[in-house]
There are 2 protein chains.
Amino acid sequence: MKVVVTIMLRPGVLDPQGQAVQRALASLGFEEVREVRQGKVIELDLALADREEAELRVREMCERLLANTVIESYRIDLP
Amino acid sequence: MKVVVTIMLRPGVLDPQGQAVQRALASLGFEEVREVRQGKVIELDLALADREEAELRVREMCERLLANTVIESYRIDLP
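Overview of the structure.

What counts, and where the lines are drawn
- Here, residues in each chain are numbered from 1, in the same order as that chain's written sequence.
- Whichever chain is written first becomes A and whichever ligand is written first becomes 1, with later ones labelled in order.
- In keeping with the predicted nature of the model, local features appear solely for residues at pLDDT of at least 70, side-chain atom pairs appear and are counted solely at 80 or more, and the whole-chain, interface and lining totals rest on all residues.
- Here the side-chain values reflect all heavy atoms present in the structure, with hydrogen atoms and water set aside.
- Only heavy atoms matter for contacts: two residues are in contact if any of them lie within 4.5 Å across the pair.
- Joining two parts hides part of their accessible area as seen by a 1.4 Å probe, and the buried area is that hidden amount summed over both.
- In the sections that follow, a salt bridge refers to a side-chain nitrogen of Lys or Arg positioned within 4 Å of a carboxyl oxygen of Asp or Glu.
- N or O atoms closer than or at 3.5 Å make up a polar contact, with two conditions inside protein: a donor-capable atom paired with an acceptor-capable one, and, for residues adjacent in sequence, both atoms drawn from side chains.
- Alignment of the copies relies on least squares applied to C-alpha atoms, considering only residues that score at least 70 for pLDDT in both.
- Three exposure classes are used, based on accessible area relative to the maximum for each residue type with a 1.4 Å probe and protein chains only: buried under 20%, partly exposed in between, and exposed over 50%.
- In this text, helices come from DSSP runs of H or I with a minimum length of four residues, and strands from runs of E with a minimum of two, each type numbered from the N-terminal end.
- By this definition, two strands are paired if DSSP reports at least two bridges between them.
- For helices, the axis comes from a line fit to the C-alpha atoms of the stretch in contact; other axes are also lines fit to C-alpha atoms, and the angle between any two N-to-C directions lies between 0 and 180 degrees.
- For classification purposes, an angle smaller than 35 degrees is called roughly parallel, one larger than 145 roughly antiparallel, one from 65 to 115 roughly perpendicular, and anything else oblique.
- Note on residue categories: nonpolar means Ala, Val, Leu, Ile, Met, Phe, Trp, Tyr, Cys or Pro, charged means Asp, Glu, Lys or Arg, and polar means any other residue, Gly included.

## Re the interface of chain A and chain B
Working step 1: Residue-level contacts link 32 residues of chain A with 32 residues of chain B.
Working step 2: Across the chain A to chain B interface the summed buried area is about 3,000 Å²; carbon plus sulfur atoms make up 61%.
Working step 3: When the area that chain A buries against chain B is broken down by residue, the three leading residues are Phe30, Glu32 and Val41 of chain A, summing to 20%.
Working step 4: One can count 4 salt bridges joining chain A with chain B.
Working step 5: With a closest N to O distance of 3.4 Å, arginine 34 of chain A and aspartate 45 of chain B form a salt bridge.
Working step 6: Our count for the contact surface shared by chain A and chain B stands at 16 residue pairs in polar contact (both at pLDDT 80 or more).

What follows is the structure, given as C-alpha cells:
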C-alpha cells in the first residue's frame, strides 16, 4: 500500500530555504512570487493491506522519526 | 493565489535519502516499509488571479529553476 506524507514547517517558523528559492525566482524575473515555503514529501510503500492500520503506523513513524513536530506539521494521504 | 509543486526523483533514479529513511525506519521496528522515496514540495504564493496564467508561470519556474528535469519529475497543483 502506498502512503504519502507531506511535511511542512509550521506557520511562523522561519523558512530560509523557501526564502532563498523566492529570491532566486525574483532574480530570474518571477517577480509575482510573494512567498515560498519548502517542505518534504515522503512516499512509503508498505507491506500492509489495511488502510486504518497503515495510517496508524505511518502516524507513529511521523511522530518518532519523519517529522520534527516542534517546528513541523505533517499530513498523511492514502491515495 | 497558492500553487503547490511536488518534485520527485524519476522512477529508476537512485534515491539514497529515501533508502536512508527506510533503513532508519527498519531499525526502529517499522519492518513493513518496503520502499521510501523522498521528494520536495514547494508552496508558492503568487500575485496572480488567473489560474491558467499561474500554471503557465509555475511550469516555467519548474523548467528553469525548481526541478532538475533530467532526474526529477514535477506536478503542479492549484488547490
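## Section: the relation of the copies chain A and chain B
Working step 1: Superposition of chain A onto chain B requires a rotation of 180 degrees combined with a translation of 0.0 Å along the rotation axis, giving an RMSD of 0.0 Å. Here the copies are linked by what is in effect a two-fold axis. Considering only C-alpha atoms, the part of chain A nearest the rotation axis is lysine 40 of chain A, at 2.3 Å.
Working step 2: Of all interface residues in chain A, 100% are interface residues in chain B too; the two copies therefore contact each other through one and the same surface.

## What about the pairing of strand E2 (residues 33–46) of chain A?
Working step 1: Across the 14 residues that make up E2 of chain A, a large majority, 10, are buried.
Working step 2: In the sheet, strand E1 (residues 2–9) of chain A pairs with E2 of chain A via 6 bridges, with the strands oriented antiparallel. Bridging from a neighbouring strand, valine 5 of chain A pairs with isoleucine 42 of chain A of E2 of chain A.
Working step 3: Direction of pairing for E2 of chain A relative to strand E2 (residues 33–46) of chain B: antiparallel, over a ladder of 13 bridges. Among the inter-strand pairings, glutamine 38 of chain A is bridged to a residue of E2 of chain B, identified as isoleucine 42 of chain B.

## Here we look at the packing of helix H2 (residues 51–66) of chain A against helix H1 (residues 16–27) of chain B
Working step 1: Their axes nearest at 11 Å, the elements H2 of chain A and H1 of chain B cross at an angle of 105 degrees. In terms of axis orientation, H2 of chain A runs roughly perpendicular to H1 of chain B. When H2 of chain A is examined against H1 of chain B, the residues Met61, Leu65 and Leu66 of chain A are found in contact with a partner set consisting of Val21, Ala24 and Leu25 of chain B.
Working step 2: The residue inventory of the contact of H2 of chain A with H1 of chain B, partitioned by class, reads 6 nonpolar, no polar and no charged.

## Looking at the pattern of salt bridges
Residues and elements named next belong to chain B.
Working step 1: Under the defined criterion, the tally for this structure stands at 12 salt bridges over all chains.
Working step 2: Here glutamate 60 makes a salt bridge to arginine 57, at a shortest N to O gap of 3.7 Å. You can see glutamate 60 and its partner arginine 57 sitting in helix H2 (residues 51–66), 3 residues apart, about one turn around the helix.
Working step 3: Assessed through its relative accessible area of 33%, glutamate 60 is described here as partly exposed.
Working step 4: Arginine 57 sits in the partly exposed class, given a relative accessible area of 23%.

The analysis is restricted to geometry; functional conclusions fall outside its scope.
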